[in-house]
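Tertiary structure, described
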Amino acid sequence: MQFSGIVIVILAILMAANVDAKIYERCELAKKLEKAGLNSYRGYSIGDWLCMAHYESGFDTSFVDHNPDGSSEYGIFQLNSAWWCDNGITPTKNFCHMDCHDLLNRHILDDIMCAKQVVSSKNSMDAWDSWSQHCAGHDLSEWLKGCDVYVKIDSKKINS
């Protein structure tokens, strides 16, 4: 009986942690990204960001992935605990000066600010393998179809 009570408490805590999570719709996310200034940021379109976020997390803010090296990736942009945030477990550079668990809620402005730091680093969008594999060099206009988002065209990517 005591064991089932503990299980119920643990499940309640886990559910409460995910209450504020969200799986964004494509166009809803496009508008948020545009409003946050990612349209043409460092030469990347909203299509680049949508494509990357789709392949990284399926637009799910609560998504966590664990890597063989012991690090984990968090949130809609799958920001790595060894470099960008602190999960309290992995040795980290914590370049975004934030707790990884803050990346798991529906409030993605902090995620966006950190992703801007990632794309401003020397690897730029190539920091995300999914972007390199699925998005780089592809026509990304499909990602914006029907979204009522103003598209800034920037023919060159800034990688430094």
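See above for the structure.
To keep things clear, this report deals only with the structure shown in the data block. (Residues numbered from 1 in each chain as written. Predicted model: local features only at pLDDT ≥ 70, side-chain atom pairs only at ≥ 80, totals over all residues. Heavy atoms only, no water.)

What follows deals with the overall build of the chain. When helices and strands are tallied, the chain shows five helices and three strands. Ordered by position from the N terminus, the helices and strands of the chain form the series α-α-α-β-β-β-α-α. Here the chain holds 160 residues, and 42% of them are scored as buried. Considering only contacts within the chain whose residues lie at least 6 apart along the sequence, 57% involve residues at least 24 apart. Carbon and sulfur atoms make up 57% of the accessible area of the chain, which totals about 9,100 Å². (Helix = DSSP H or I, 4+ residues; strand = E, 2+ residues; numbered from the N terminus. Buried < 20%, exposed > 50% of the residue type's maximum accessible area, 1.4 Å probe, protein only. Contact = heavy atoms within 4.5 Å. Areas by Shrake-Rupley, 256 points an atom, 1.4 Å probe, with all protein chains shown as cover.)

All right, on to the pattern of salt bridges then. Evaluation of the coordinates by the stated rule reveals three salt bridges. Linking glutamate 142 and lysine 145 is a salt bridge whose minimum nitrogen-to-oxygen distance equals 2.6 Å. We classify lysine 145 as partly exposed; its relative accessible area is 49%. (Salt bridge = Lys/Arg side-chain N within 4 Å of Asp/Glu carboxyl O.)

Right, let's get into the environment of alanine 21. Within the element layout of this structure, alanine 21 appears in the loop between helix H1 (2-18) and helix H2 (26-35). Its relative accessible area of 16% is what places alanine 21 among the buried residues. Setting aside residues up to four positions removed in sequence, alanine 21 forms contacts with Thr61, Ser62, Leu104, Asn105 and Arg106.

All right, on to the nonpolar core then. One finds Leu29, Leu33, Trp49, Leu50, Phe77 and Trp128 to be the most contacted residues of the largest nonpolar core, which totals 41 residues. Breaking this core down by element, the ones donating at least two residues are H2, helix H3 (46-57) and helix H4 (109-120). The dominant element in this core, judged by the number of residues it contributes, is H3, at six residues. (Core = buried A, V, L, I, M, F, W, Y, C linked by side-chain atoms within 4.5 Å.)

By volume, the largest pocket is sized at about 390 Å³. Glu73, Asn80, Trp84, Ala127 and Trp128 are the residues nearest the centre of the largest pocket, which is lined by 16 residues in total. For the lining of the largest pocket, the residue count by class is seven nonpolar, five polar and four charged. (1 Å grid on protein atoms, 1.4 Å probe; cavity = no way out; pocket = protein on both sides within 12 Å on 5 of 7 lines; lining within 4 Å. Points joined across faces, edges and corners; volume = space filled by probe spheres on them. Nonpolar A, V, L, I, M, F, W, Y, C, P; charged D, E, K, R; others polar.)

Inspection of the entire model under this criterion finds four disulfides. One disulfide in the model links cysteine 85 with cysteine 100; its S-S distance is 2.0 Å. Disulfide cysteine 85-cysteine 100: torsion about the S-S bond near 95°, hence right-handed. Taken together, the residues cysteine 85 in the loop between strand E3 (79-80) and H4 and cysteine 100 in the loop between E3 and H4 connect sequence positions 15 residues apart. Disulfide pairing is shown between cysteine 96 and cysteine 114; the S-S distance is 2.0 Å. Where cysteine 96 bonds to cysteine 114 through sulfur, the torsion about that S-S bond is close to 85°, and the disulfide is right-handed. Taken as a pair, cysteine 96 in the loop between E3 and H4 and cysteine 114 in helix H4 lie far apart in primary sequence, 18 residues in all. (Disulfide = S-S within 2.5 Å.)

These values are about where atoms sit, not about what they do.
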